[in-house]
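One-letter residues, chain by chain:
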Amino acid sequence: MTRIAVLPDALARKIAAGEVIERPVSVVKELVENALDAGASAVAVDLAAGGKSLLRVRDDGCGMSREDAALALVRHATSKISKEDDLFAIATLGFRGEALASIAAVSRLTLRTSEGGDEPGTLVESEPGGAFQVRDSAFPRGTEVEVRDLFANLPARKKFLRSDSSELGLIVKMLTNIALARPGLRLIVRHGARTVLDCPPAAGLRERLFQLFGKDALDKMMEADLADGPVRVSGYVSRPPYGRPNRGRQAFFVNRRPVRDKILSAALQQAFSGLLEKGLFPEAFLFVDVPPGEVDVNVHPAKTEVRFRDAQLFFPLLRRVVERARTRVLGVRDLSEILADGAGVPPGGRPAPAGTENGEGAGPEREEPECSGVGEGGRTYIRGTDFADFPAAGVLPRAAESPQVLGQLGSAYILAEEAGDLLIIDQHNAHERVIYDRYVEIDRERKWPVKMSLLPLVFELSPVQEIGLEEAGPMLRSSGFRVEPMGGRSYALREYPDVFRPEEALSVVLAAADESKKGAPAPAKDRLLAAMACKSAVKAGEYLPREKMEFLVRELFRSANPGVCPHGRPIVVRIPRSQIERGLRRPVSDPAS
Ligand SMILES: Nc1ncnc2c1ncn2[C@@H]1O[C@H](COP(=O)(O)OP(=O)(O)OP(=O)(O)O)[C@@H](O)[C@H]1O
Ligand SMILES: [Mg+2]
């Protein structure tokens, strides 16, 4: 009896399509890349419901003849390569001849196209089953592809799509990268009646960055450019000490193709080691140009990954790129000289040893810290509200006595004793836990004491952050933040909870706006409260007088959860007395006595 059977054609097509098209952003990426390959100078993207119900991409590129239009939806039909050797010299973004076929397999697709001139345009309409019709249709030079009801015939995939604004956020982020890779392109993106991205042609990358992120962001970056033999790296990176709390603003392009590359990202992190405060990540928009034969782009169906012949070369290369960029902005001095006299050392910290990520375990896989708990240089304030004036409500003291404070270690840890054991308490994490518990309580009762900004704090958001802010809006409002649009991409923070300094309140708002970029299902309230607690908690590097330490330890051990901070990191290390005694070769005492 045979157990193996060839799958029905329709099912095989869906399986293959699933590899290329994961979600609406994959469709937009493929369609816009086709437009760029067709030499378009302007691309318009229209979306509805985060691209789930409608997605339309129109370009002014070369268009297609009737015969080509009829072939374009056929799997493995392409005009971009024709023989095996071509695979090693790919100059276009597409080459697999399967994007349109894959999209058509999981949606209702309509394509209109014309090469201009006297020939009539062509309309191709396809049904998810694979059949399509070809007709005349008046159309100017260029192509428009409309995709409706994505995954209607693939309910399992449809179920995993996120909210409209989350999907939209992913699309805008991807298109932001395309806009950076092609500064000369006119790109407009609408979601329903709203324009979410409008980029007129820019003269170069600098102008494009200005369009997308504003002057402030550009002022915190430096230009990078270095050629080494046939390899060239150029673009913009953070200007230390500026950095960002996550890797959300790192984009790499290989031969103008936006890629995700762990090696480039690790090499960048290493190149910045010692230059940024712990917990900060460099911002980077870096373009790597290599001869096509040095890089394999046919690694993954979505074409977002590449493989280099010699990837290791990027570690020394990116270090030199960053050093050179710094030398340029700092003047002519050699970087080693600058490091030696401390000017390149982040405030309050020493340069981390090379080869580590800000002094911690390196590696692209490592979870990005939500917060570092490290203070800005020289900041030693502790506000009254942090400690005594804001007593925790509804938290019952535990029966046991709280540990006894012995002192502070390295301005970062509190040493305490409990039943003869030594406790080492991370002061930032501990304070974060105490404040977080209070904030949860206040938030439950909606009793945020609100402060009005005397001078409104004005800030600019990137298009992706704007979507994130919209998503987080109701949650922020319910916690006492009031943000108002000021026109363009400017916003003003008018009100915020009266537990923050203005710049701390602003960083909470920005953190909430950044959430959607990570594609989180919804910006959760507990993460907002954790971010708020992190901002107002005492930092490592701050001196704490004894009474503050005692207060903090007492409050911590009243918490229902004194062991872990709201971000999930441990707060206390316990060294049992027996271990101390063993270390000192003393007779181990009986813990019961
Ligand atoms: N916007 C467009 N303008 C002109 N021609 C297009 C356009 N979109 C698609 N085509 C033509 O249709 C062909 C098939 O497109 P499709 O995206 O399926 O494959 P591809 O771009 O060749 O490869 P890949 O699957 O890697 O994207 C292309 O090779 C191109 O000739
Ligand atoms: Mg393509």
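Our subject is the structure listed above.
Per chain, the residues get numbers from 1 upward, laid out in the order the sequence is written. The order in which chains are written sets their letters, starting at A; the order in which ligands are written sets their numbers, starting at 1. For this predicted model, a pLDDT threshold of at least 70 governs which residues receive local features, and a threshold of 80 or more governs which side-chain atom pairs are given and counted, while totals over whole chains, interfaces and linings are taken from all residues. Only heavy atoms go into the side-chain values, all of them from the structure, while hydrogens and water stay out.

S.K.: Just checking my understanding: could you explain a nonpolar patch on the surface for this structure?
M.R.: Like-charged residues within 9 Å of one another, or nonpolar side chains (Val, Leu, Ile, Met, Phe, Trp, Tyr) within 5 Å, are grouped into patches, provided each residue has over 30% relative accessible area and no salt bridge. Only the protein chains shown count as cover for residues, with accessible areas throughout obtained via the Shrake-Rupley method and a probe of 1.4 Å. What counts as a salt bridge is simple: a side-chain nitrogen of Lys or Arg found within 4 Å of a carboxyl oxygen of Asp or Glu. On the surface, a nonpolar cluster with roughly 280 Å² of combined accessible area is contributed by Leu71, Val74, Phe132 and Val134. Helix and strand labels come from DSSP, where a helix needs a run of H or I of at least four residues and a strand needs a run of E of at least two; each type is numbered from the N terminus. Position of leucine 71 among the secondary structure elements: in helix H3 (residues 66–72).

S.K.: Sorry, what's going on with empty space enclosed by the protein here?
M.R.: Remark: the empty space left among the atoms is shown by a probe the size of a water molecule rolled over them. Cavities and pockets are defined on a 1 Å grid built over the protein atoms alone: a cavity is a set of grid points where a 1.4 Å probe fits but cannot escape, while a pocket is an open set with protein on both sides within 12 Å along at least five of seven lines, and lining residues are those with an atom within 4 Å of any such point. Grid points are joined across faces, edges and corners, and a volume is the space filled by probe spheres set on the points. All told, the structure shown has 5 cavities of 30 Å³ or more when counted by the stated rule. When its volume is computed, the largest cavity comes out at roughly 110 Å³. In terms of lining, the largest cavity is formed by 12 residues, of which the most central are Lys173, Thr176, Asn177, Phe213 and Gly248. The greatest single-element share of the lining of the largest cavity, amounting to 3 residues, is contributed by helix H6 (residues 164–181). Here the lining of the largest cavity is composed, by residue class, of 4 nonpolar, 5 polar and 3 charged. As a working rule, the residues Ala, Val, Leu, Ile, Met, Phe, Trp, Tyr, Cys and Pro are called nonpolar, Asp, Glu, Lys and Arg charged, and the rest polar, with Gly in that last group.

S.K.: Would you mind going over the environment of serine 107 with me for this structure?
M.R.: In this fold, serine 107 is placed in the loop between helix H4 (99–105) and strand E3 (108–114). The rule is simple: take the accessible area with a 1.4 Å probe, protein chains only, and divide by the maximum for that residue type; under 20% is buried, over 50% is exposed, in between is partly exposed. Given a relative accessible area of 1%, serine 107 falls into the buried group. On a C-alpha basis, the gap between serine 107 and leucine 150 in space is 4.6 Å, while along the polypeptide they are 43 residues apart. Sequence-distant contacts of serine 107, that is, excluding residues within four places in its chain, are made with Glu127, Pro128, Val147, Arg148, Asp149 and Leu150. Only 2.8 Å separates the side chain of serine 107 from the backbone oxygen of isoleucine 103, close enough to count as a polar contact. Pairs of residues are marked as contacts when any of their non-hydrogen atoms sit within 4.5 Å. Polar contacts here mean pairs of N or O atoms no more than 3.5 Å apart (in protein, one a potential hydrogen donor and the other a potential acceptor; neighbouring residues in sequence count only if both atoms are side-chain atoms).

S.K.: Looking at this model, I keep getting lost on the site of ligand 1. Mind explaining?
M.R.: Among the 21 residues in the neighbourhood of ligand 1, the closest are listed as Thr78, Ser79, Lys80, Glu98 and Lys303. Glutamate 98 places a main-chain nitrogen or oxygen 2.8 Å from an oxygen atom of ligand 1. One nitrogen or oxygen atom from the side chain of lysine 303 is found 2.6 Å from an oxygen atom belonging to ligand 1. When ligand 1 sits alone it has 590 Å² of accessible area, and the protein chains cover 94% of it. At 3 residues, the largest contribution of residues to the shell around ligand 1 is made by helix H2 (residues 24–37). Its residues assigned to classes, the shell around ligand 1 comprises 8 nonpolar, 7 polar and 6 charged. Proximity is defined per residue: if any heavy atom of the residue lies within 4 Å of a molecule or strand, that residue is considered near it.

S.K.: Whenever I open this one, the packing of helix H13 (residues 502–515) against helix H14 (residues 525–536) confuses me. Can you help?
M.R.: The relative placement of two packed helices comes down to the angle between their axes together with the axis-to-axis distance. Structural elements are reduced to axes, namely lines fitted to C-alpha atoms, with helices fitted over the stretch in contact, and the angle between N-to-C directions of any two is expressed from 0 to 180 degrees. Interhelical geometry of H13 versus H14 gives an angle of 150° and a closest axis separation of 10 Å. It follows from the interaxial angle that H13 and H14 lie roughly antiparallel. When the axes of H13 and H14 are compared, the crossing they make is right-handed. Between H13 and H14, the residues in contact are Glu504, Ser507, Val508, Ala512 and Glu515 and Arg527, Leu528, Ala531, Met532 and Lys535, respectively. Residue composition of the contact of H13 with H14, by class: 5 nonpolar, 1 polar and 4 charged. Every angle not falling under 35 degrees, over 145, or within 65 to 115 is termed oblique; those three ranges are roughly parallel, roughly antiparallel and roughly perpendicular. With the far helix as reference, a near helix turned anticlockwise by less than a right angle produces a left-handed crossing, and one turned clockwise produces a right-handed crossing.

S.K.: Teacher, can you tell me more about the sheet that holds strand E20 (residues 482–487) here?
M.R.: Strand pairs in the sheet, formed through backbone hydrogen bonds, run parallel or antiparallel to each other. We treat two strands as partners when DSSP finds at least two bridges between them. Taken in spatial order, the 3 strands line up as E19-E21-E20 in an open sheet, and their pairing is antiparallel. Looking at the sheet topology across the chains shown, the edges are occupied by strand E19 (450–460) and E20. Strand-to-strand twist of the sheet, defined as the mean angle between neighbouring strand axes without regard to direction, takes the value 20°. Relative to strand E21 (residues 490–497), E20 runs antiparallel, the two sharing 5 bridges. When the sheet's bridge partners are listed, glutamate 484 is paired in E21 with alanine 492. Most of the contacts of H13 go to E21, to which it runs at about 115°, and overall it touches E19, E20 and E21.

S.K.: Explanation requested: the pairing of strand E10 (residues 231–238) in the structure shown.
M.R.: Consecutive residues of a regular strand have side chains that alternate between opposite faces of the sheet. Of all 8 residues in E10, 7 are buried; the element is thus mostly enclosed. In this antiparallel pair of consecutive strands, strand E9 (residues 221–228) and E10, the connection spans 2 residues, and glycine 229 shows a positive phi of 60°. Across 6 bridges, E10 lies against strand E13 (residues 284–289) in antiparallel orientation. Within E13, the residue paired with valine 237 across the bridge is alanine 284.

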